[in-house]
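Observations on chain architecture
Chain by chain, the residues:
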Amino acid sequence: MTVYILCFTLFLVGIYGALTKRDLIKIILSLGIMGYAVNLMIILFAYKEGASFAILVRDGINSNMVDPLPQALILTSIVIELGITAMLVALSIRLFQKYKTFDITKIRRLSG
Amino acid sequence: MPVETWLIFILGFMIIGSIIALELKDLLSAVISIGIVGLGVSLAFLFLQALDLAIVQFLFEIFALIILIRAFIGKEYHIQEPSRSHIVQTVITIGALLLILLLSINMFKALPGFGHPIFSTAKHYVENGGLETGSANIVSAIILDYRAYDTLGEVTVLFTAILGALTILRTKKSNGLAGGDHETN
C-alpha cells in the first residue's frame with residue numbers, strides 16, 4: 001500500500017506543477033510527470049509476488065509470471081505520450097515565435 | 001532486499017527529483033532532472049519484471065530529452081519575479097493537494113494489496129498464448145495478435161500527433177512540402 005501512496009504523491013507533484021508554474025516548458029514537464037505516475041501505477045497493480053517476466057521458456061518451467069495484459073496496454077500508452085510531448089513542444093515553439101516569451105500570464109492575445 | 005523496499009526507494013528518489021526539476025530556475029537543469037526521473041521509472045519497470053516496458057521507457061526518455069531541449073535552446077529566457085498573489089496561489093494549491101492525499105489513503109486501503117493482482121483476464125493469455133500465437137513473449141503476443149486493433153489505433157494516434165506537430169510548425173515559406181521546423185518566419 002505504501003508503494004501506491006508514493007506513486008499517487010508523484011502524480012500530485014505533477015498536478016502541483018501544472019497548476020502553479022507559469023512557464024510553458026515547466027507545464028509540459030509536469031504533464032510528463034503525471035504520465036510517468038499513471039503508467040507506473042498500472043504496472044504496480046500487475047505485479048505478482050515472486051513471479052518472473054512474461055516470457056515462456058523451454059520446457060515450460062516459467063509457469064508463474066506477472067500479469068502481461070497491463071504491460072501491453074502501457075506499452076501503447078508510453079508511445080502515445082511521446083507524440084503528445086512532441087505536439088506540445090511544437091505548440092510552445094510556435095507561441096514563443098509569436099509572443100517572445102514562455103510566461104503564460106503574458107500570452108493573452110489569443111487571436112489569429 | 002524485497003522488491004517493495006527497492007520500489008519505495010526509487011519512488012522517493014523520483015518524487016524528490018521531480019520537485020527539484022519543477023523548482024529549479026535553469027530550464028536545462030530541469031529537463032535533465034526529468035530525464036533522471038524517467039530513468040527511475042525504467043528501473044522500476046525492471047524490478048516489476050516488465051522488460052519490454054523498461055526498454056521502451058529508456059528510448060522514450062532519450063527522445064523526450066532531445067525534443068524538450070529543442071524547445072528552448074537558443075532562446076532568450078527571462079526569469080520572472082514571484083509576485084504576492086503567486087505565492088498565495090502556491091500555498092493554497094499545496095494545501096488542497098495534501099488534503100486530497102490524506103483523503104485518498106482510505107481508497108488505497110480498499111485495493112488488493114501489492115503483489116496480489118486480480119489476474120482474471122490475463123489467465124487465458126498466459127495459459128494458451130504460446131500455443132495460439134506461437135510467440136514466446138506473451139506481451140508481444142497480446143500487442144500483435146490478441147489486441148492488434150489496439151496497436152493499429154495507437155499507430156493512427158501517433159501519426160496524427162506527429163502530423164499535428166508538423167502542421168503547427170509549418171511556415172508559409174516551406175509551401176507545405178517539407179513541414180520541418182524552419183525557424184525563418
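Presented here is an overview of the structure given in this document. (Residues numbered from 1 in each chain as written. Chains lettered and ligands numbered in written order. Predicted model: local features only at pLDDT ≥ 70, side-chain atom pairs only at ≥ 80, totals over all residues. Heavy atoms only, no water.)

Notes on the pattern of salt bridges
When the charged atoms of two side chains with opposite charge come close together, those side chains can pair. Threshold: What makes a salt bridge here is a side-chain nitrogen of Lys or Arg within 4 Å of a carboxyl oxygen of Asp or Glu, nothing more. Every helix listed is a DSSP run of H or I at least four residues long, and every strand listed is a run of E at least two residues long, numbered separately from the N terminus. The rule is simple: take the accessible area with a 1.4 Å probe, protein chains only, and divide by the maximum for that residue type; under 20% is buried, over 50% is exposed, in between is partly exposed.
Tallying each qualifying case throughout the model produces one salt bridge over all chains. In this structure, K21(A) and E23(B) form a salt bridge, with 3.3 Å as the shortest nitrogen-oxygen distance. In this pair, K21(A) sits in the loop between α1 (2-20) and α2 (24-46) while E23(B) sits in helix α1 (residues 3-23), so the two residues belong to two different chains. By relative accessible area, which is 14% here, K21(A) ends up buried.

Description of the packing of α1(A) against α2(A)
All names here are of chain A. Heads up, the condition is: Between the N-to-C directions of two axes lies an angle of 0 to 180 degrees, each axis being a line fitted to C-alpha atoms and, for a helix, fitted only over the stretch in contact. Should an angle fall under 35 degrees it is called roughly parallel, over 145 degrees roughly antiparallel, and 65 to 115 degrees roughly perpendicular, with every other angle called oblique. Note on convention: the crossing is left-handed when the near helix lies turned anticlockwise from the far helix by less than a right angle, right-handed when the turn is clockwise. Throughout, a contact is declared for two residues whenever any of their heavy atoms are within 4.5 Å.
Between α1 and α2, whose axes approach to 7 Å, the crossing angle comes to 165°. Relative to α2, α1 is oriented roughly antiparallel. For the pair α1 and α2, the crossing hand works out as left-handed. Along its contact with α1, which presents V3, Y4, C7, F8, L10, F11, G14, I15, G17 and A18, the element α2 presents I27, S30, I33, M34, A37, V38, L40, M41, L44 and F45.

Observations regarding the interface of chain A and chain B
For an interface, size is often stated in terms of accessible area lost upon the parts coming together. The criterion, for reference: Between N or O atoms, a polar contact is any pair within 3.5 Å; within protein, one atom must be a potential hydrogen donor and the other a potential acceptor, and residues adjacent in sequence are included only when both atoms are from side chains.
Listed as interface residues are 72 residues of chain A and, on the opposing side, 93 residues of chain B. In this structure, the connection of chain A to chain B is made through one salt bridge. At the surface where chain A touches chain B, the tally comes to 10 residue pairs in polar contact (both at pLDDT 80 or more). Sorting elements by how many residues they give to the side of chain A that touches chain B places helix α3 (residues 68-99) of chain A first, with 24 residues.

Comments concerning unusual backbone geometry
Even without being glycine, Q49(B) reaches a positive phi, approximately 65°. Mapped onto the elements of the fold, Q49(B) is located in the loop between α2 (27-47) and α3 (51-72).

As for the side chain of T20(A)
Within the secondary structure, T20(A) sits in helix α1. We classify T20(A) as buried; its relative accessible area is 2%. Polar side-chain contacts of T20(A) include one of 2.8 Å to the backbone oxygen of Y16(A). Beyond its immediate stretch of four places on either side in the chain, T20(A) contacts H86(B), T90(B) and T93(B).

Here we look at the nonpolar core
A general feature of soluble globular proteins is that nonpolar side chains tend to end up buried together. Convention followed: Residue types Ala, Val, Leu, Ile, Met, Phe, Trp, Tyr and Cys, when buried and joined through side-chain atoms within 4.5 Å, form a set referred to as a nonpolar core. By convention here, the domain bounds are inherited from an automatic or database domain assignment.
One finds L40(A), L44(A), M14(B), F45(B), L48(B) and L53(B) to be the most contacted residues of the largest nonpolar core, which totals 77 residues. For this core, the element with the most residues is α2(A), which contributes 11 residues. When residues of this core are assigned to domains, at least three map to each of domain 1 (1-74) and domain 2 (132-173) of chain B. Not counting residues within four places of it along the chain, the set of residues in contact with F45(B) comprises N39(A), L40(A), I43(A), I78(A), A50(B), L53(B), A54(B) and Q57(B).

A look at the packing of aromatic side chains
As a reminder, the rule being used: Each Phe, Tyr or Trp ring (for Trp, its six-membered ring) is paired with any other whose centre lies within 6.5 Å, and the angle between the two planes then decides the class: stacked below 30 degrees, edge-to-face above 60, tilted in between.
Overall, the coordinates contain 10 aromatic pairs over all chains when judged by the stated rule. A ring pair is formed by Y4(A) and F45(A), whose centres lie 5.0 Å apart and whose planes are at 65°; its orientation type is edge-to-face. Separated by 41 residues along the polypeptide, Y4(A) in helix α1 and F45(A) in helix α2 bring together distant segments of the chain. Taken together, a centroid distance of 5.2 Å and an interplanar angle of 15° make the contact between W6(B) and F47(B) stacked. Here F47(B) lies in helix α2 and W6(B) lies in helix α1, a separation of 41 residues in the sequence. Here F47(B) falls in the partly exposed class, since its relative accessible area comes to 25%. Aromatic ring contacts, followed pair by pair, group Y4(A), F8(A), F11(A), F45(A), Y47(A), F108(B) and F114(B) into a single cluster.

These results come straight from atomic positions and should not be treated as a statement about function.
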